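Chains, contacts and geometry: an overview
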Amino acid sequence: MEEGSLYPALHRMEQDGWVSSKWELTDKGRKAKVYAITAHGKQQLADEQQSWDRLTSGVKRVLRYS
Amino acid sequence: MPWYQRWRNVFRSEKLNAEFDQEFQYHLAETTDRLVAEGLPREEALTEARLRLGNYSIQKESTRDMNIAAWLDSTRADIAYGLRQLRLNPGFTAIAVLSLALGIGANAAIFQLVNAIRLKTLPVQNPQELVLIDFEDGSVRHGSGWGPHGIASYPQWDQIRTHQQAFSDVMAWHQEQFNLALGGEPHYARGLYVSGSFFRGLGVSAILGRTLSARDDNDACSAGAVISYAFWQRQFLGDAGVIGRKLTLYGYPFPVIGVTPPSFFGMEVGNQYDVAIPICADRLLAVDGKGRIPLSTGFWLAIIGRLKPEWTVARATAHLRTISPEIMRATLPTRYRPEEAKGYLANKLKATEAGSGVSGLRTEYERPLWLLLATTGLVLLISCANLANLLLARAAVREPEIAMRLAIGASRWRLVRQLLAGSVLLATAGAVLGAGLALIISRSLVLLMSTPNNQVFVDLDPDWRMLAFTAGVATLTCLLFGLLPAVRAAYLSPVSAMRAGVRVTSGRERFSFRRGLVATQIAMSLVLLFGAFLFVRTLNNLVTEDPGFKAEGILTVYIDFGKSPVDYVARDASTIETQRSYDKRRAIYHEISDRLSAIPGVASVAQVDMTPVSGNGWDNLVGVDGAAAVNGKDCNFDELSPGYFKTMGTTVLAGREFNDRDTFSAPKVAIVNETFARTFFGGANPVGHTFRVSAEAGKAEPVYQIVGLVRNSKYHDLREDFQPIAFFPKTQDETPGPGATFVVRVTVSPGPVMNAAKNAIQEMGPAIEIEFHALSLQLQNSLLREKLMATLSGGFGFLAAVLALLGLYGVISYTVAQRRNEIGVRVALGANRANIVGLVMREACLLLGVGLAAGGGLSLWAGTAAATLLFGLKPHDVVSLTAAAALLALIALLASYLPARGAAGADPMSALRSE
């Protein structure tokens, strides 16, 4: 996985309002764009996690009976 | 980020790129630092960091895609590209935009008129609720009619008003000119008599003062006048203190009580009202002091109603039908004979939608305007075909480039969009410019429809319909001329285009499409030229049509002495007209006639009731040689003085003109025309025979002896077939009025004669009104519509022919250029000039032949649409079609001969060398 692929994903999430960003100056004096998760993003994460859990438990159940 | 930021980012991509760079650079710098800390040398660490990041450009691109509305971005790029292309070809751009602007402008202008005359609703409250109350076809209402829309008598209006239940309000009005001048030459205002309910019912309120109300329209009739905004501006220069100022209408003063808003022009589309006074004021302005209100056989009022909620037009009609018998019974004129009364009692009222008002202009011009819209539509199609041809040629030049882009993976849809972007820009520019042109063109057309006495007013303010039409036409145009070339270019096979290499050619099949376009253009121009010939020939037929009199040099003089003491003396103190007052008037007529004859430059003078082709008429049933007139045929009448036929230049074929011995006490005599003789006597000489004219109930039918036969002359208008006319001597008129019309044949310029006449008449007494018209001008003005059609269709036909020929020229030149090598070989092998010219011309003739054949068929079909507007020729007039085809063929052959001659003259060596 290339590290650069992070950025389209980040920007996509920013477009959807899951993360917010702001430009900050780091200790080394570099300008950096810092991303933070938003409330909407947390909700989304919880939803996704829940649906993932449902999926995996479903798969587990199928595997158990097979 | 919401969608609008993605849209905004399209237009700040530089800044966006810089941000990405910064973000990526930070990432690289941090990774490098970390790697250096792990022990890698700085150089290697940088390379490693880059490797881990992946392809820098691709990552940046895909990040950018997340931040931008991609379709909008590509559209922006397409438009920028299109603009650049257009800038690179300023000549092409100018021609394309200009021809589109002209085409779209002409269409939009004609549509604007159609819209104003036919589609727009009245600028009043809820116009869709308004319905016109009218009599059903075939209703019996003998008597006198006034005004273009007068259908009901005052008693009928009174009954309708009291009995109807369908309408929340019913309004009546009558349209008439009011003379503002006190004696001398009249100065007319366009007037309205309105019922007290009129303004309230329409929902029109005054912007200054108040409108007329029910209180103003009563027997006392003390009310004033409401004026239109335009009249307020024109006559009173927008004076804010206008309320209370006096307006003199036919010598009677009315105080101004209110001004209506600028948007309200009255009830008739095409005519703006100036002054409105209550219906009761008709009595005040009437010569006899009674006016038309008591008349049961005077039909002068138009009636409109506002539907109650829940009522439809159909329900209102049903309601009006049920109350009709009651209304007819209550208003039956006593003078009707039994059979007339039976017909009258069976009359039925009906309701028709009236949201867009009433209009004589609409009746006269609706069909011509739709035809003109079709004409301009065809012209636009032809210029679209030209543009498509040009674009196809340009696309052909770019074929290798397009093939290359297809080969390396461009999507066809993307290419079509890019090619279409240029067309969209052209169409947009054309539409904007065209809309501006339309505003000018439509105003000039309205001026063309107006005469000094009949100023046409239509509301030309652009509305949503006009905008939608222009936008629609522009879109259609753009698709027509842009889409096909674009799609064809994008769907070429890259292999074949690239194989062709430097020699830019297109396949036979592709080129045949362009030839098809040219043949279509020729067909459409033939239709337009044919139409132009039809209308020009119609106008010519009408202008050269012998009206039966010599209009040139005839001055008609209208004199009204009803407001002058000259006539007051003629009437008794009680203003009741007596035999003595009639005698006095006959003497006044005589004096006027004598005074006019004495003016230098006047060859002869005669009095007449109605000048021909004035729009006035008088007719009744006639029976000859003792037969009862009731069962006879219809005949037109006029009254005139001795010397009329001599003055007008109408030949007396048998018998005599009237003379001074045909006095009031002498036996009643008449002169008839040829059609009268043919209709009633089978063409035999009618002189010496008698005829009767139908009379009202209880009165004997008067008998007239025919003393003369004259040549046919036109009565109502120039377009009609000759009708039977009987002329009576003015001297035997039983009830002469205070107005008289004279025809004066002048041998010098009319200006001095008019001045002398004015002085001569003023000498007789003050407050005598006098008005002049040139009869020939009156005739010309009656042909306004024909002139408009001939001018416009001629202009458009010419334009269409020029456009089609340009198309033909282009295609033939292109063929010649394509076949340069072939022609070179032929010349080298011994073909002579004539062979080569023949070769090229054969192609042109083929296109011309196909175009003319198709166009001929179309023309015959289109001609029927114009049938009602033609005069003296059939809708499938062979002469017009032949002339149009011959003209088109002649210029087309000339247009293709030029490139053909060029081809034949080319040096075969140079052509072959380029191979």
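Parameters and conventions
- Residues numbered from 1 in each chain as written.
- Chains lettered and ligands numbered in written order.
- Predicted model: local features only at pLDDT ≥ 70, side-chain atom pairs only at ≥ 80, totals over all residues.
- Heavy atoms only, no water.
- Helix = DSSP H or I, 4+ residues; strand = E, 2+ residues; numbered from the N terminus.
- Rg over C-alpha atoms; globule rule 2.2 N^0.38 Å.
- Buried < 20%, exposed > 50% of the residue type's maximum accessible area, 1.4 Å probe, protein only.
- Contact = heavy atoms within 4.5 Å.
- Areas by Shrake-Rupley, 256 points an atom, 1.4 Å probe, with all protein chains shown as cover.
- Phe/Tyr/Trp six-rings, centres within 6.5 Å; stacked < 30°, edge-to-face > 60°.
- Buried area = accessible area lost by both parts, 1.4 Å probe.
- Salt bridge = Lys/Arg side-chain N within 4 Å of Asp/Glu carboxyl O.
- Polar contact = N/O pair within 3.5 Å; in protein donor to acceptor, adjacent residues only side chain to side chain.
- Nonpolar A, V, L, I, M, F, W, Y, C, P; charged D, E, K, R; others polar.
- Patch = residues over 30% accessible without salt bridge, like charges linked within 9 Å, V, L, I, M, F, W, Y side chains within 5 Å.
- Axes fitted to C-alpha atoms, helices over the stretch in contact; angles between N-to-C directions.
- Parallel < 35°, antiparallel > 145°, perpendicular 65-115°, else oblique.
- Left-handed = near helix turned anticlockwise from the far one by under 90°.
- Core = buried A, V, L, I, M, F, W, Y, C linked by side-chain atoms within 4.5 Å.
- Disulfide = S-S within 2.5 Å.
- pLDDT = per-residue confidence, 0-100.
- Pairing = 2+ DSSP bridges.

Let us now look at the overall build of chain B. On a plain count of helices and strands, chain B comes out with 29 helices and 23 strands. Against the globule reference of 29 Å for 915 residues, chain B gives a C-alpha radius of gyration of 38 Å, more extended than a compact globule. A buried classification covers 51% of the 915 residues belonging to chain B. A separation threshold of at least 6 residues defines the contact pool for chain B, and within that pool the share at least 24 residues apart is 80%. Counting every atom, chain B has about 40500 Å² of accessible surface; 60% of that belongs to carbon and sulfur.

Attention now goes to the packing of aromatic side chains. Working definition: an aromatic ring pair is given by the centre-to-centre distance plus the angle between the planes. Residue and element names in this part refer to chain B. Going through the model one piece at a time under the given rule, you end up with 27 aromatic pairs over all chains. Taking the centre distance of 5.5 Å and the plane angle of 75° together, the rings of phenylalanine 24 and tyrosine 56 count as edge-to-face. Remark: tyrosine 56 occurs in helix 4 (residues 56-66) and phenylalanine 24 occurs in helix 2 (residues 13-37); sequence separation between them is 32 residues. Since its relative accessible area comes to 0%, phenylalanine 24 is described here as buried. The interplanar angle of 80° and the centroid separation of 5.5 Å between the aromatic rings of tyrosine 644 and phenylalanine 645 together place this pair among those described as edge-to-face.

Looking now at the interface of chain A and chain B. At the interface, 20 residues of chain A touch 23 residues of chain B. Surface buried jointly by chain A and chain B totals about 2000 Å² across both partners, of which 49% is contributed by carbon and sulfur atoms. The three residues of chain A that bury the most area against chain B are Glu3, Tyr7 and Gln15 of chain A, which together make up 35% of that side's buried surface. At the junction of chain A with chain B, the criterion picks out 5 salt bridges. Across the chain A-chain B interface, the total number found is 13 residue pairs in polar contact (both at pLDDT 80 or more). The set of elements that each furnish at least two residues to the side of chain A that touches chain B consists of helix 1 (6-15) and strand 2 (31-37) of chain A. The leading source of residues in the side of chain A that touches chain B is helix 1 of chain A, at 6 residues. The class makeup of the residues in the side of chain A that touches chain B is 5 nonpolar, 6 polar and 9 charged.

Taken together, the side chains of Trp52, Leu55, Val59 and Leu63 of chain A make up a nonpolar region of the molecular surface, amounting to roughly 440 Å² of accessible area. For leucine 63 of chain A, the location among the structural elements is in helix 2 (residues 39-65).

Residue and element names in this part refer to chain B. When you line up the elements, aspartate 463 lands in the loop between helix 15 (412-449) and helix 16 (464-490). For aspartate 463, a relative accessible area of 16% gives the class buried. One polar contact links aspartate 463 to asparagine 115, side chain to side chain, over a distance of 2.9 Å. Once residues within four sequence positions are removed from consideration, aspartate 463 is found in contact with Asn115 and Lys120.

Glancing now at the environment of glutamate 822 of chain B. All names here are of chain B. Mapped onto the fold, glutamate 822 is located in helix 26 (residues 820-828). In this structure glutamate 822 comes out as partly exposed when scored by relative accessible area, which is 28%. Along the primary structure glutamate 822 and proline 908 are separated by 86 residues, whereas in three dimensions their C-alpha atoms are 9.5 Å apart.

All names here are of chain B. At a closest axis distance of 11 Å, the pairing of helix 2 and helix 4 adopts a crossing angle of 125°. Relative to helix 4, helix 2 is oriented oblique. The element helix 2 and its partner helix 4 pack so that their crossing is right-handed. On helix 4, the residues touching Ser13, Asn17, Phe20, Asp21, Phe24, Gln25 and Leu28 of helix 2 are Tyr56, Gln59, Lys60, Thr63 and Arg64.

A few words on the packing of helix 13 (residues 360-397) of chain B against helix 16 of chain B. All names here are of chain B. Between helix 13 and helix 16, whose axes approach to 9 Å, the crossing angle comes to 30°. By the angle between their directions, the pair helix 13 and helix 16 is classed as roughly parallel. Note that helix 13 runs across helix 16; the crossing there is right-handed. For the pair formed by helix 13 and helix 16, the contact residues are Leu373, Leu380, Leu381, Cys384, Leu387, Ala388, Leu391, Leu392 and Ala395 on the first element and Phe469, Val473, Thr477, Leu480, Phe481, Gly482, Pro485, Arg488 and Ala489 on the second.

Another aspect to go through is the environment of arginine 54 of chain A. Within the secondary structure, arginine 54 of chain A is located in helix 2. The exposure class assigned to arginine 54 of chain A is exposed, which follows from its relative accessible area of 56%.

The nonpolar side chains of soluble globular proteins are, as a tendency, buried together. All names here are of chain B. Trp173, Phe198, Phe199, Leu202, Leu369 and Val458 are the most contacted members of the largest nonpolar core, which has 105 residues in total. Broken down by element, the residue count for this core peaks at 14 residues, all from helix 25 (residues 784-818). Here leucine 202 is in contact with Val124, Gln125, Leu130, Met171, Phe264, Met267 and Arg306, once residues within four sequence places are set aside.

As a further point, take the state of the cysteines. All names here are of chain B. Under the criterion given, the structure shown has 1 disulfide over all chains. In this model, cysteine 221 is linked to cysteine 280 through a disulfide, with the two sulfur atoms separated by 1.9 Å. Handedness here is read from the sign of the S-S torsion; for cysteine 221 and cysteine 280, about 75°, the answer is right-handed. Pair noted here: cysteine 221 is in the loop between strand 5 (208-209) and strand 6 (225-227) and cysteine 280 is in the loop between strand 9 (275-278) and helix 10 (282-285), with a separation of 59 residues, a long-range link. Just as cysteine 221 is buried, cysteine 280 falls in that class too.

Once that is clear, we can look at the confidence of the model for chain B. The predicted structure's coordinates, where accompanied by low pLDDT, should not be read in detail. Residue and element names in this part refer to chain B. On average, chain B scores 87 in pLDDT, and the residues at 70 or more come to 97%. Low pLDDT, under 50, characterises residues 501-506; the predicted model gives this stretch 9 contacts beyond four residues in sequence or across chains. Here the complex is predicted with pTM 0.79, and the ipTM for its interfaces comes to 0.86.

Right, let's talk about the pairing of strand 18 (residues 669-673) of chain B for a bit. Residues and elements named next belong to chain B. With 5 of its 5 residues buried, strand 18 lies for the most part within the structure. On strand 18, burial covers both faces: Val669, Ile671 and Asn673 on one face and Ala670 and Val672 on the other are all buried. Across 5 bridges, strand 18 lies against strand 20 (residues 703-710) in parallel orientation. Each bridged residue has a counterpart across the sheet, and for isoleucine 671 the counterpart in strand 20 is glycine 708. Strand direction decides the pairing type here: strand 18 and strand 21 (residues 725-729), joined by 2 bridges, are antiparallel. Within strand 21, the residue paired with valine 672 across the bridge is alanine 726.

Counting across every chain of the model gives 50 salt bridges over all chains. As a salt-bridge pair, arginine 12 of chain B and glutamate 19 of chain B come within 3.4 Å of each other at their nearest N and O atoms. In this structure, the salt-bridge partner of glutamate 545 of chain B is lysine 714 of chain B, at a minimum N-O distance of 3.0 Å. You can see glutamate 545 of chain B sitting in the loop between helix 18 (508-544) and strand 13 (554-560) and its partner lysine 714 of chain B sitting in the loop between strand 20 and strand 21, a full 169 residues away along the chain. The exposure class of glutamate 545 of chain B is partly exposed, given its relative accessible area of 24%. Sharing partners across several salt bridges, the network here consists of Lys28 and Arg30 of chain A together with Glu30, Asp33 and Arg42 of chain B.

On to the confidence of the model for chain A, then. Averaged over every residue, the pLDDT of chain A is 89; residues scoring 70 or more account for 100%. Within chain A, no element has a lower average pLDDT than helix 1 of chain A, which sits at 88, and none a higher one than helix 2 of chain A, at 92.

A word on the pairing of strand 21 of chain B. Residues and elements named next belong to chain B. Counting buried residues along strand 21, 5 of its 5 residues qualify, which places the element largely inside the surrounding structure. Here strand 21 shows two buried faces, one formed by Ile725, Phe727 and Pro729 and the other by Ala726 and Phe728. Pairing of strand 16 (residues 633-640) with strand 21, which is carried by 5 bridges, proceeds in the parallel orientation. Bridged to aspartate 638 within strand 21 is phenylalanine 727.

So, about the side chain of threonine 211 of chain B. Looking at the element boundaries, threonine 211 of chain B is found in the loop between strand 5 and strand 6. Dropping the residues within four chain positions of it, threonine 211 of chain B is found in contact with Phe199, Val204, Ser205, Ala206, Asp216, Val226 and Ile257 of chain B.

Residue and element names in this part refer to chain B. In this structure, leucine 237 takes a positive phi of about 50° despite not being glycine. Inspection of the secondary structure puts leucine 237 in the loop between helix 9 (229-236) and strand 7 (246-249). Not every positive phi belongs to a glycine, and aspartate 625 is a case in point at roughly 50°. Note on placement: aspartate 625 falls in the loop between strand 15 (619-624) and strand 16. Taking relative accessible area as the criterion, aspartate 625 reaches 41% and is therefore assigned partly exposed.

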